[in-house]
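Each chain, letter by letter, is given below.
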Amino acid sequence: MFTRVDHVGIAVRDLDAAISFYEKTFGVSFTYRHTAQDQGVEEAMGQVGESWIQLLKPLGAETPVGKFIESRGEGVHHIGYGVADVRAALEELKGHDIRLIDEHPRPGSRGASIAFIHPKSVGGVLVELVQE
Ligand code: MC0
């Protein structure tokens, strides 16, 4: 089902500081920046090989990333895996004992079609399916 690691989502408190840290320390350049009101985040994406690092700053305390930082602090928030067809992947997962957050795909970063799987079903890791 998974075709690649599309991105690693990292929760940060200060987006500009995190971008600057990754650029100066690791030479990653962040070419995409976007506010996703529906997800409650401001994000910046930097490409590493064929994958991306996604820095996520919460727009408020009651957003998914805001709650995550409040309870766990900054750090890896989710892994985004590429799939050929997110709708077909969701149908396939319904045949397994998996708790889906999204029953249907929704729009995501860079025009992708995405769906989240609950971390309680994946050993504590929030998983995002990404169809480019
Ligand atoms: C919460 N939990 C996590 C977690 N977030 N575990 C691993 N990774 C995470 N990211 C755990 C909590 O520690 C808690 O465990 C339990 O899940 C319930 O947490 P909660 O704080 O009560 O949170 P809920 O239930 O309100 O929501 C958690 C859930 C939510 C994952 C369902 O955050 C969600 O729907 N996420 C999907 C959307 C999202 O994350 N959007 C932001 C990225 P305990 O053991 O204490 O019970 S947007 C994005 O990434 C877009 C732009 C894109 O890539 O295209």
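This structure is a prediction, so every number in the text was calculated from the model and none was measured.

Q: How should helix α1 (residues 15–26) be read in this particular structure?
A: Structural remark: α-helix, 3.6 residues per turn; residues separated by three or four positions point the same way. For α1, with 12 residues, the first-to-last C-alpha span of 16 Å sits near the 16 Å given by 1.5 Å per residue. The set of residues buried in α1 consists of Leu 15, Ala 18, Ile 19 and Tyr 22. In a view along the axis of α1, the buried residues occupy a sector of 100°, so they form one face of it. On its buried face, α1 is in contact with β1 (4–11), β2 (30–36), β3 (41–48) and β4 (51–58). Once α1 ends, the next one or two residues include Gly 27, with phi positive near 70°.

Q: Got a minute to help me understand the environment of Glu 128 in this structure?
A: You can see Glu 128 is positioned in strand β8 (residues 127–131). Residues in contact with Glu 128, not counting those within four places in the same chain, are His 7, His 78, Ile 79, Gly 80, Tyr 81, Ile 114, Ala 115 and Phe 116. At 2.9 Å, the side chain of Glu 128 and the side chain of His 78 are in polar contact.

Q: It is not clear to me how the side chain of Arg 4 should be interpreted in this structure. Could you clarify?
A: With respect to the helices and strands, Arg 4 occurs in strand β1. Here Asp 6 takes part through its side chain, which lies 2.7 Å from a polar atom of the side chain of Arg 4. Residues contacting Arg 4, with those up to four places away along its chain left out, are Glu 50, Gly 80, Tyr 81, Gly 82, Val 83, Val 130 and Glu 132.

Q: Where do I start with the site of the ligand in this structure?
A: Residues in contact with the ligand amount to 23 residues; listed here are only the nearest, Gln 54, Lys 67, His 77, Ser 109 and Lys 120. Gln 54 places a side-chain nitrogen or oxygen 2.9 Å from an oxygen atom of the ligand. Taking Arg 72, its side chain carries an N or O atom lying 3.1 Å from an oxygen atom of the ligand. In isolation the ligand has 1100 Å² of accessible area, and contact with the protein removes 73% of it. Taken together, the elements giving at least two residues each to the shell around the ligand come down to α2 (64–72), β5 (75–82) and β7 (113–117). Per-element accounting of the shell around the ligand gives the leading share, 5 residues, to α2. Broken down by class, the residue content of the shell around the ligand amounts to 8 nonpolar, 9 polar and 6 charged.

Rules behind the numbers
Residue numbering note: each chain is counted from 1, following its sequence as written. Residue-level local features of this predicted model are given only where pLDDT is at least 70; pairs of side-chain atoms are given and counted only at 80 or more, and the full residue set underlies all totals for whole chains, interfaces and linings. Working from all heavy atoms in the structure, the side-chain values ignore hydrogens and water. Strands here are runs of E lasting at least two residues and helices are runs of H or I lasting at least four, both read from the DSSP assignment and numbered beginning at the N terminus. One less than the number of residues in a helix, times 1.5 Å, gives the span that helix is expected to have. Per-residue accessibility, obtained with a 1.4 Å probe over protein chains only, is compared with the maximum for each type, and a residue is labelled buried under 20%, exposed over 50%, and partly exposed between these values. The directions considered for the arc run from the helix axis to the C-beta atoms. We call two residues in contact when some of their heavy atoms are within 4.5 Å. Counted as a polar contact is a pair of N or O atoms within 3.5 Å, where, for protein atoms, one must be capable of donating a hydrogen and the other of accepting one, and residues adjacent in sequence contribute only when both atoms are in side chains. The near set for a molecule or strand comprises every residue that places at least one heavy atom within 4 Å of it. The Shrake-Rupley method, run with a 1.4 Å probe sphere, supplies the accessible areas, and residue values consider only the shown protein chains as cover. Gly is put with the polar residues, along with every residue not named as nonpolar or charged; the nonpolar set is Ala, Val, Leu, Ile, Met, Phe, Trp, Tyr, Cys and Pro, and the charged set is Asp, Glu, Lys and Arg.

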